[in-house]
Amino acid sequence: MSETYNIGLGNNDAETRLNADSDYVSFWDKQARNLSWFSPWSKTLDWHPPFAKWFVGGTINASYNALDVHQNSKSKKPAILWEGENGDSRILTYGEMFAQVQKFSNTLKSLGVQKGDRVTLYLPMIPELPIAMLACARIGAIHTVIFSGFSATSIRDRVDDSKSKVIVTADGGYRRGKIVPLKEVVDEAIQGFDFVENVIVVQRTKNEISITDKDKLWDELLKDASDVCPPEKLQSTHPLYILYTSGTTGKPKGVLHGTGGYLTHLYSTFKWAFDIKDSDVFFCTADIGWVTGHSYVVYAPLLHGATEIMYEGAPDFPDASRMWDILQKYNATIFYTTPTALRMFMKFGDDIPNSFDLSSLRLLGTVGEPINPEVWKWYFKTIGKEKCPIIDTWWQTETGGMLISPLPGLETIPLKPGSGTRPIPGMNITVVDENGEDVAPNTKGYLVIKNPWPGMLLTLWGDDEKYKKVYWSKYKNCYYPGDYALKDSDGYLWLLGRADDVLKVAGHRIGTAELESCIVSHDDVAESAVCGIPDEVKGEVIIAFVVLKQGVATDTKILEKELFEKIRNDVGAIATPKQIYFVSKLPKTRSGKIMRRLLKAIGNNEKIGDVSTLEDGAAVTEVQTAFDEIQ
Ligand code: WTA
C-alpha cells in the first residue's frame, strides 16, 4: 500500500463524474457551452473511428474566446506578466493583447495570408509568440510553432511539410545570458523555398541581422496596422494548429488540432485541475514550442481570463533561485513545471527555496514524465509546505490536454506520490496486455484509451494513413499512446514511461529513428542504434552505438566531435547523446533487426531475457562492456 495524502480543496462535484460516466457525449456537449459560439452545433460527436468530429456545424473562434469575451470586465486586467531572462519585464493587459492581436491579424491579411494558410512561428518566449498565435487563430490561419532550440535542418523539414507562406521569427533570443541568433537560423533553413513569401522579424535582442527581400520588421508592420479585425466564424473542426512531435518512425509527425473540441477540453481541464479563480496568478514554465505551452500557457489560461506569468529563459539562470524569485515577485498561486526541473532544484537543496516567501502558492502541478515519489514529496513539503495538492497530469501532444490527473477543482480524492490518480471525467482508460485483455491490478501493461475525447488530434497533417497506423492499429478502436502503465487496486493509474522507441530526455520527446538516421547520414557511419539510460536529473539520457563503414581509418575522437556537431545541426541540442560508443557490430536478430529491447534492458541493468533469436552473441558482450564502462 503506498502512502496517501488527503489534501483537497473541499470541492466534491460527484454529479459531474456521474454524468460523464453515463454518457460522455452529452457530458461534453454540456461542457462546450462554457465557451462562446457564433452558432450552435447540430451534432455533438461524429465518430467514424478513428476520426472524431466534435460539435459539428458549430462555429467558433479561439482568439474571440481568449480575448473578445473578456473586454467588458477585464480589459485592464493583466493577461501576461512577462519576465525576460535578462531582467526586462512587461505587463500586457487583456485590452492590450486584444489590440496587438488584431493589429497582427490585419498585418497577416495584408500579406495575403488567408483562412487555412500555414504560418510558422520560430520565436523565443516573448509576448509576440502568443500574440502571433492568436492572430493566426483570429483569421483562421493554421499556426505551426517550432521550438526555438531547434536547428535549421529541423525547421526546413517542418516548413517544407507545412508549406508555410509566412515565417515569424526574432533577431535573437536570450538563453543562459547568450543571444541565440534565430533569424540567421531561419535564413539558412528556408534557402530556395519560393513558397515562403514573407519573414517577419521581431527585434528582441537588437543584434545585427542580414535583411533579405522577404524580411519585414514586426514593429514597422504593426505601427500602421488597424487594431480592429473581426474574428472569422470558423467551423468547430477547423484546424487551429500543427505541432510537430517525434514518433517511432522517421521524421517528426505533424499533429493537427481542431478548434471547438480542443478549446472545450482545455477550458474544462484547466478549471478542474487548477481550480482557476479570477484572483489566481498562474505560472507554467513550459516553452510554448511544446504542447504544454500551447495548451496551458496560451489557450487555457486566456480562455479563463486568468493572469499568468511567462518567463523567457533558462530556469536556473542566473542561478538556481530564479523560479522561486519569480514566484515570490508576482505572488504566484499556481505553479506547473516538470519532474526534470524539480529534480534539478532538489539537488540544490532546501535552503534556496526556503529563503523565499512562497506562501501565495496554493496548487502545484507537474507534467511531461513520471515523477519519482521522493521528488513528489520534496515538491509537496519544501515548495508547497504540505498545504498544496500536487497535480500530476498525464497527457501528450496528440491528446491536446490532460487525460489523467487529480482534479481538486472538481473533487477531493487522496493523492499518492507518483500516481496521476484517475482519468478525467468522460474517459475510459485502462491497462491491457499484448492481446488487448485488461491486466490484473498492479500488473504492468499498455495504457489504452477506449473512447474519443474533445481535445484529441484530428489527424496527422497530410497523412491519414499514418495516423491510423501509429495510434489506432495496435488495438481495435482503441487509441494507443505508447506508454506503459499499471492500475493499482484502488483504480489509480501509474504511468511507467514509454513502451516504444520514443525517448524522453528532460521531458522532451526524441525519436530514436530520427536520431539514428541523422547519425548514419555521416559518410563514415554504417549503422547506429541509440537508446536511453536512466539519469538522476533528466530522467533519461541518450547513448549512441555506432558501427563504422569498413576501412574507415578516421580517429574516433574526431568522428565523435563531428557526430555531436551533426546531431546539433540536424536535430537540435536536446538530442545530443551523453556518449557515443564505437562498436564493431550491433546485436541483431537473424533476420537483421537491431534488438533494441536488448539494448534497453542492458542499459537499464535488467535481465536481458530470451536471446535465442540473436545472430551473434559477441555483439552483446561488446555493448555490455560499453555500458559497464559508463556505470
Ligand atoms: C510522458 C507532454 C508520466 C508520456 C504533455 C507521454 C508522462 C509523453 C506524464 C507525451 C506524466 C507526460 N507522468 N509520463 N504526468 N506526462 N508523460 O507529447 O510518456 O511531449 O506519452 O506531451 O510524455 O509527451 P509530449
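Cut-offs used in this document
- Residues numbered from 1 in each chain as written.
- Predicted model: local features only at pLDDT ≥ 70, side-chain atom pairs only at ≥ 80, totals over all residues.
- Heavy atoms only, no water.
- UniProt positions renumbered as here; feature names shortened; annotations may be inferred.
- Helix = DSSP H or I, 4+ residues; strand = E, 2+ residues; numbered from the N terminus.
- Pairing = 2+ DSSP bridges.
- Axes fitted to C-alpha atoms, helices over the stretch in contact; angles between N-to-C directions.
- Core = buried A, V, L, I, M, F, W, Y, C linked by side-chain atoms within 4.5 Å.
- Buried < 20%, exposed > 50% of the residue type's maximum accessible area, 1.4 Å probe, protein only.
- Contact = heavy atoms within 4.5 Å.
- Salt bridge = Lys/Arg side-chain N within 4 Å of Asp/Glu carboxyl O.
- Near = heavy atom within 4 Å.
- Polar contact = N/O pair within 3.5 Å; in protein donor to acceptor, adjacent residues only side chain to side chain.
- Areas by Shrake-Rupley, 256 points an atom, 1.4 Å probe, with all protein chains shown as cover.
- Nonpolar A, V, L, I, M, F, W, Y, C, P; charged D, E, K, R; others polar.

Colleague: Can you help me understand the UniProt feature "domain: Acetyl-coenzyme A synthetase N-terminal" (unreviewed entry) in the protein chain in this one?
Modeller: UniProt marks residues 20-66 with the feature "domain: Acetyl-coenzyme A synthetase N-terminal" (unreviewed entry), using the numbering shown here. Annotated as residues 20-66, this span is 36% helix and 30% strand, and its ends, taken at the C-alpha atoms, are 26 Å apart.

Colleague: I tried to follow the sheet that holds strand β16 (residues 281-284) on my own but got confused; where do I start?
Modeller: The strands making up a sheet are joined through hydrogen bonds of the backbone, oriented either antiparallel or parallel. The sheet built from seven strands is open, its strands ordered β5-β4-β17-β16-β18-β19-β20 with mixed pairing. Taken across any chain shown, the strands that pair with only one partner, and hence form the sheet edges, are β5 (89-93) and β20 (390-393). Along the sheet, successive strands turn relative to each other by an average axial angle of 20°, direction set aside. As judged from the four bridges shared by strand β4 (residues 78-83) and strand β17 (residues 307-311), these two strands associate in the parallel manner. Residue pairing for β17: glutamate 83 is matched across the bridge by tyrosine 311.

Colleague: Would you explain the nonpolar core in this entry?
Modeller: Buried together is how nonpolar side chains tend to be arranged in soluble globular proteins. Residues Phe104 and Tyr299 are the most contacted members of the largest nonpolar core, which totals 126 residues. The dominant element in this core, judged by the number of residues it contributes, is helix α6 (residues 128-139), at nine residues. Setting aside residues no more than four positions away along its own chain, tyrosine 299 makes contact with Ala62, Met133, Leu134, Ala137, His143, Leu240, Tyr262, Leu263, Leu266 and His294. The next biggest cluster of nonpolar side chains, apart from the first, holds 33 residues, and it includes Leu327, Phe345, Phe356 and Ile383.

Colleague: How should the pattern of salt bridges be read in this particular structure?
Modeller: One side chain can pair with another of opposite charge once the charged atoms of both are near each other. Going through the model one piece at a time under the given rule, you end up with 34 salt bridges. When the shortest N-O distance is used, the salt bridge between lysine 588 and glutamate 527 registers 2.4 Å. With lysine 588 in the loop between β30 (579-582) and α19 (596-603) and glutamate 527 in strand β28 (residues 525-535), the pair connects residues that are 61 residues apart, well separated along the chain. Owing to a relative accessible area of 23%, glutamate 527 belongs among the partly exposed residues under this scheme.

Colleague: Explain the site of the ligand here, please?
Modeller: Asp392, Thr397, Asp483, Arg498 and Arg509 are the nearest of the 17 residues found near the ligand. Within the contact set of the ligand, a nitrogen atom lies 3.1 Å away from a backbone nitrogen or oxygen of glycine 368. Between the ligand and proline 370 there is a distance of 3.5 Å, counted from a nitrogen atom to a backbone nitrogen or oxygen. When the ligand is considered free in solution it has 530 Å² of accessible area, and contact with the protein chains removes 95% of it. Elements represented by at least two residues in the shell around the ligand include exactly α11 (291-303), β20 and β25 (493-498). Here the shell around the ligand is composed, by residue class, of six nonpolar, five polar and six charged.

Colleague: Is there a simple way to think about the UniProt feature "domain: AMP-dependent synthetase/ligase" (unreviewed entry) in the protein chain in this case?
Modeller: The sites that UniProt annotates as "domain: AMP-dependent synthetase/ligase" (unreviewed entry) are residues 71-453. Taken end to end, residues 71-453 is 31% helix and 21% strand, and its two terminal C-alpha atoms sit 30 Å from one another.

Colleague: Looking at this model, I keep getting lost on the sheet that holds strand β21 (residues 429-432). Mind explaining?
Modeller: Taken in spatial order, the four strands of this open sheet run β21-β22-β24-β25, and their pairing is antiparallel. Each of the sheet's edge strands pairs with one partner strand only, and the pair in question is β21 and β25. Strand-to-strand twist across the sheet, computed as the mean angle between neighbouring axes with direction ignored, equals 45°. Two elements, strand β24 (residues 483-487) and β25, share four bridges in a ladder whose sense is antiparallel.

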